[in-house]
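Structure at a glance
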Amino acid sequence: MQIGAGAKRPLPRPGAPAKRPDMACGTLTIDLDAIRANWSALAHASGGAEAGAVIKADAYGLGADTVGKALVSTGARRFFVALAEEGAALRDALGEAPDIYIFSGHMAGDTAILRGANLIPLLNSAGQLSRHRDALPGHPFGIQLDTGMNRLGLEEADWRAMAAEVLAEKPQLIMSHLACADEPDHPMNAAQLAAFRRMSDGTGVPRSLSATGGILLGPDFHFDVTRPGIGLYGGLPFAEAAPVVRLSLPVIQTRDVAAGETVGYGNTWTAAAPARIATLAAGYADGLIRAMTGRAKIFAGDTLCPLAGRVSMDMMGVDVTHLAQVPDALDIICPQQGVDALAEAAGTIGYEILTSLGHRYRRTYMGAV
Ligand SMILES: *Cc1c(COP(=O)(O)O)cnc(C)c1O
């Protein structure tokens, strides 16, 4: 249809049945019951420790408001995000009851947000501590210790010099983070555990060391509060996780190509025999990165359909020659190819696949909030 001067657009007929138009955006289906089941399993695996939930980066791309509400209904009471702005949005969604912690601590521009949304910054340097005291005296805070990852947190000598003074101000939580928890035999785990104990034994403050990987290392690593993230969303290292995400991509067009014809940028795929190619409506701008070219699998139900040609910005070609009928949409994340399998095909990790899923998908939720 031509759109422009004089083009007549059909008006919706009054009384026409409410039918969703066919759209080119993909559908990301997020199973809230699976997220709840994963949280409960990791809470159970945390033994006597209380499981919080890490829902930074919009709950790893799956929607922090909805995921947060679903986890509150299952019993989560402590949430962790990276930025104060994320915490404020979460406070609006979840109400006053849950504790919301901020991994980046208290940056100079954060004061009004931390106060207004009643967020708990996890202070990570002497500078942040004095800023917090000056700007928000009496406002709750936690402490982040560096036990060897050298990313965030007070180093041992600095902490020793100020511990007595800080402890007198009654922090809500003392935490650190493990660098190698997804490798159970890595000596770094024991080294960080020992450092964390040295720095926090006898403080009387609730302690937190473990994310998903640390929970699976066993009771020594649990302390009082655990911080699962990726495991909630069905990702490794929580191998027993229930799958959470399905990603279906609509077929925009199907075409027959003759032997010798090529598909996509750079002519990298050539039909060896007459073939049928479906063009799907998603590409690297939607987090389906170019490195998936020739390696990721596409599924029509149980039937594997190989990619044909390079993944481009908004589209990718798929060889559907062997399908008796081409469905309206094909899957790229599904039980046959989970988030981690897709990540492996692309040379990355499940975390990056999830957090890169773009904003152009229609996000639909299974299960009640
Ligand atoms: C992201 C993050 C977590 C959650 O880690 P997962 O591996 O996703 O479970 C926990 N703690 C900190 C400090 C983090 O940055």
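About the criteria used
- Residues numbered from 1 in each chain as written.
- Predicted model: local features only at pLDDT ≥ 70, side-chain atom pairs only at ≥ 80, totals over all residues.
- Heavy atoms only, no water.
- Near = heavy atom within 4 Å.
- Polar contact = N/O pair within 3.5 Å; in protein donor to acceptor, adjacent residues only side chain to side chain.
- Domains from an automatic or database assignment.
- Buried area = accessible area lost by both parts, 1.4 Å probe.
- Phe/Tyr/Trp six-rings, centres within 6.5 Å; stacked < 30°, edge-to-face > 60°.
- Helix = DSSP H or I, 4+ residues; strand = E, 2+ residues; numbered from the N terminus.
- Buried < 20%, exposed > 50% of the residue type's maximum accessible area, 1.4 Å probe, protein only.

1. A short note on the site of the ligand
- Taken together, 14 residues are adjacent to the ligand, and K56, Y60, T212, I230 and Y351 come closest.
- Within the side chain of R227, one N or O atom sits 3.0 Å away from a nitrogen atom of the ligand.

2. Some words on the domain arrangement of the chain
- Each assigned domain of the chain is listed with its residue range as follows: domain 1 (47-227) and domain 2 (242-366).
- One C-alpha centre belongs to domain 1, the other to domain 2, and the line joining them spans 38 Å.
- When residues of domain 1 are sorted by the area they lose upon contact with domain 2, Y60, G61 and L62 head the list and together hold 74% of the total.
- Remark: the boundary between domain 1 and domain 2 carries two residue pairs in polar contact (both at pLDDT 80 or more).

3. Focus on the packing of aromatic side chains
- Evaluated as defined, the whole model comprises five aromatic pairs.
- Arranged with centres 6.2 Å apart and planes meeting at 35 degrees, the rings of Y60 and Y351 form a pair that is tilted. Taken as a pair, Y60 in helix α2 (residues 56-61) and Y351 in helix α11 (residues 350-356) lie far apart in primary sequence, 291 residues in all.
- For Y351, a relative accessible area of 34% puts it in the partly exposed group.
- Arranged with centres 5.6 Å apart and planes meeting at 15 degrees, the rings of F80 and F103 form a pair that is stacked. In this pair, F80 sits in strand β4 (residues 78-81) while F103 sits in the loop between β5 (99-102) and α5 (111-116), placing the two residues 23 residues apart along the sequence.
- Look at F103 and you get buried, because its relative accessible area is 13%.

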